[in-house]
Amino acid sequence: MSEEQQVVVVGAGPTGLLTALGLAQQGIEVTVVERAPGLQDAPRAIVYHWSTLDGLERLGLFEAARAAGFLKQDYAYRVRKTGEIIEYGLQPLAGRVKHPYNLHLGQGALARIILDEVETFANVRILWGHELVGISQDESGADLRLSSDAGETSLRAAWVVGADGARSTVRGAVELGFDGMTWPERFVAANIRFPDDREGWAQSTFYVDDEYSAIVVKIDESGEHGLWRYTYMEDAALPAETVTERLPGFLAKVFGEDIADKVELDAISPYRMHQRSASEYRAGRVLLAGDAAHATNPCGGLGLTMGLFDAYALIETLGAVVVQGVDDTVLTSYADARRTAFVDKASPRAAANKRLIFHSGDPAKLDQDLEVFRRMAREPELAADALYFTKTLESPSLLAR
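Values in this document were obtained by computation on a predicted structure and should not be read as measured data.

Peer 1: Any chance you could explain the side chain of R171 here in plain terms?
Peer 2: Within the element layout of this structure, R171 appears in helix 5 (residues 169-173). Buried charge R171 goes without a salt bridge, the closest partner of opposite sign being D164 at 6.5 Å. One polar contact links the side chain of R171 to the main-chain carbonyl oxygen of A166, over a distance of 2.7 Å. Residue contacts for R171: discarding those within four places in its chain leaves G165, A166, L176, G177, F178, A278, L288, D291 and A292.

Peer 1: Just checking my understanding: could you explain the sheet that holds strand 3 (residues 47-48) for this structure?
Peer 2: Spatially, three strands are ordered 3-7-4 in an open sheet, and the strand pairing comes out antiparallel. The sheet is open, and its two edges are formed by strand 3 and strand 4 (70-72), each paired on a single side. Here two bridges tie strand 3 to strand 7 (residues 102-104), and the two strands are oriented antiparallel to one another. By the bridge assignment for strand 7, Y48 is matched with L103.

Peer 1: Explain helix 11 (residues 380-387) to me, please; I cannot follow it from the model alone.
Peer 2: Two residues of an α-helix separated by three or four positions point the same way, owing to the 3.6 residues in each turn. Taken residue by residue, helix 11 has A383, A384 and L387 as its buried positions. On an axial view of helix 11, the arc spanned by its buried residues comes to 100°, and they lie on one face. For helix 11, the exposed residues lying more than 90 degrees away from the buried face are E381 and D385.

Peer 1: How do you make sense of the environment of T31 when you look at a structure like this?
Peer 2: By the element assignment, T31 lies in strand 2 (residues 30-34). On the basis of relative accessibility, which here comes to 2%, the residue T31 falls in the buried class. For T31 and A20, which are 11 residues apart along the polypeptide, the C-alpha to C-alpha distance reads 7.9 Å.

Peer 1: It is not clear to me how the pairing of strand 11 (residues 151-162) should be interpreted in this structure. Could you clarify?
Peer 2: Strand direction decides the pairing type here: strand 10 (residues 141-148) and strand 11, joined by seven bridges, are antiparallel. Bridging across to strand 11, L144 finds its partner in L155. The turn linking strand 10 back onto strand 11 is made up of two residues. The pairing of strand 11 with strand 18 (residues 286-288) spans three bridges and is classified as parallel. Directly across from G162, in strand 18, lies its bridge partner L288.

Peer 1: Any chance you could explain the pattern of salt bridges here in plain terms?
Peer 2: Should the charged atoms of two oppositely charged side chains come close, the side chains can pair. Overall, the coordinates contain 22 salt bridges when judged by the stated rule. For R145, the salt bridge goes to E152, with nearest N and O atoms at 3.6 Å. A relative accessible area of 54% means that E152 is categorised as exposed. Residue R374 is joined to D367 by a salt bridge in which the shortest nitrogen-to-oxygen separation is 3.0 Å. A network of salt bridges, in which partner residues are shared, links E84, D367, E371, R374 and R378.

Peer 1: Would you take a moment to explain the nonpolar core for this structure?
Peer 2: Proteins that are soluble and globular tend to have nonpolar side chains buried together. Residues V7, L18, V30 and L318 are the most contacted members of the largest nonpolar core, which totals 80 residues. Of the residues forming this core, the biggest block, 11 residues, is contributed by helix 8 (residues 303-324). Not counting residues within four places of it along the chain, the set of residues in contact with L318 comprises V7, L23, W159, V161, L287 and L331. With 34 residues, the next largest nonpolar core counts V97, F206, I219 and C299 among its residues.

Peer 1: Which parts of the structure should I look at to understand the sheet that holds strand 15 (residues 227-234)?
Peer 2: Neighbouring strands of a sheet are bound in pairs by backbone hydrogen bonds; such pairs are parallel or else antiparallel. Taken together, eight strands build an open sheet; the order of strands is 6-5-13-14-15-12-16-19 and the sheet is mixed. Edge positions in the open sheet fall to strand 6 (85-89) and strand 19 (294-295), since each of these has one partner strand only. Note: strand 14 (residues 214-220) against strand 15, six bridges, orientation antiparallel. By the bridge assignment for strand 15, V217 is matched with R229. Its contacts with the sheet place helix 6 (residues 243-255) against strand 12 (178-193), strand 13 (204-208), strand 14, strand 15 and strand 16 (264-278), and it is angled at close to 105° to strand 15. Contacting strand 5 (74-79), strand 12, strand 13, strand 14, strand 15, strand 16 and strand 19, helix 9 (residues 329-358) runs over the sheet at an angle of about 130° to strand 16.

Criteria and thresholds
- Residues numbered from 1 in each chain as written.
- Predicted model: local features only at pLDDT ≥ 70, side-chain atom pairs only at ≥ 80, totals over all residues.
- Heavy atoms only, no water.
- Helix = DSSP H or I, 4+ residues; strand = E, 2+ residues; numbered from the N terminus.
- Buried < 20%, exposed > 50% of the residue type's maximum accessible area, 1.4 Å probe, protein only.
- Lys, Arg positive; Asp, Glu negative; His and termini not counted.
- Salt bridge = Lys/Arg side-chain N within 4 Å of Asp/Glu carboxyl O.
- Polar contact = N/O pair within 3.5 Å; in protein donor to acceptor, adjacent residues only side chain to side chain.
- Contact = heavy atoms within 4.5 Å.
- Pairing = 2+ DSSP bridges.
- Arc of directions from axis to C-beta.
- Core = buried A, V, L, I, M, F, W, Y, C linked by side-chain atoms within 4.5 Å.
- Axes fitted to C-alpha atoms, helices over the stretch in contact; angles between N-to-C directions.

Okay, structure coming up:
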């Protein structure tokens, strides 16, 4: 006989843990199912846009996250072929929004902060080392079959949230498609330490080139040199197991031989990039969030941004259904709103960012694209309007509709 609970969240990444925390704060009994034995910390997201920070504050996480990471406002585009540097920042948002800055913090560190808070709630439990092997559902709930070293067990829940990544078992179990495309290139995310006290390198720098392009973002300020994320692209036909042998060559082209020789590699993660969305974000009693619902290339930091906004919307809507008895059609509104935000806004912007940074072979087109950022550097009003884009990815309260 299946053990019953109100909500099961599959996936203990930031999106899943955040959803569990927000539901637990409303008194809902939540079980988190995670196939890994503990938190994972491969190089992934590190920048949280200003627009996501209000939600972290509502959930009581902002101060801990700020203490663990750091706040920043500066950006720069550096064009390798011409030497042009375009610098702008988030200062135009001051006085308009509560948090006119971005937060830099490794995804694993954010997950740890959320988990620490989750573990203070008696109405949440986490089943580490449990893999979902099947879901069946009826009008009143869903049955989940789990596999672990102890054997197979089952759970029954009124609602299931699939937040188990781009290769989501939940999405597959409810037979939802994952429409879109996979980019032909491989991305490589490397955490490195190198001398960073040089002019013209903002804490978020986009190094624009059609061969040696990179996104260079500061992660933290510990150690003799700060820890930076250096993300670049290479031919996917090259063997992934020898990526570290090729890294120094890329670094030398970007920073120069003198700096490349001083780089310390902390971690490295090659991966494929996608622009994909689930065909639906709701299938009966099952809801999708984060990378299980949508996957994007990392240019512009919109992947986890969308995952956080999914979690905020789910916390509100699913919480209202479970606690207040609100009609569950609001969950269909959640699914439609979040899919629209990704398909119509986040995914096209991320794809455009990738083309600008990594595929800039046409000088005339590049000059036209960069003119937007030149104007942002000169015109604060224009900059404020442009920087507000990430806020449009958040769904307004769906309960008021």
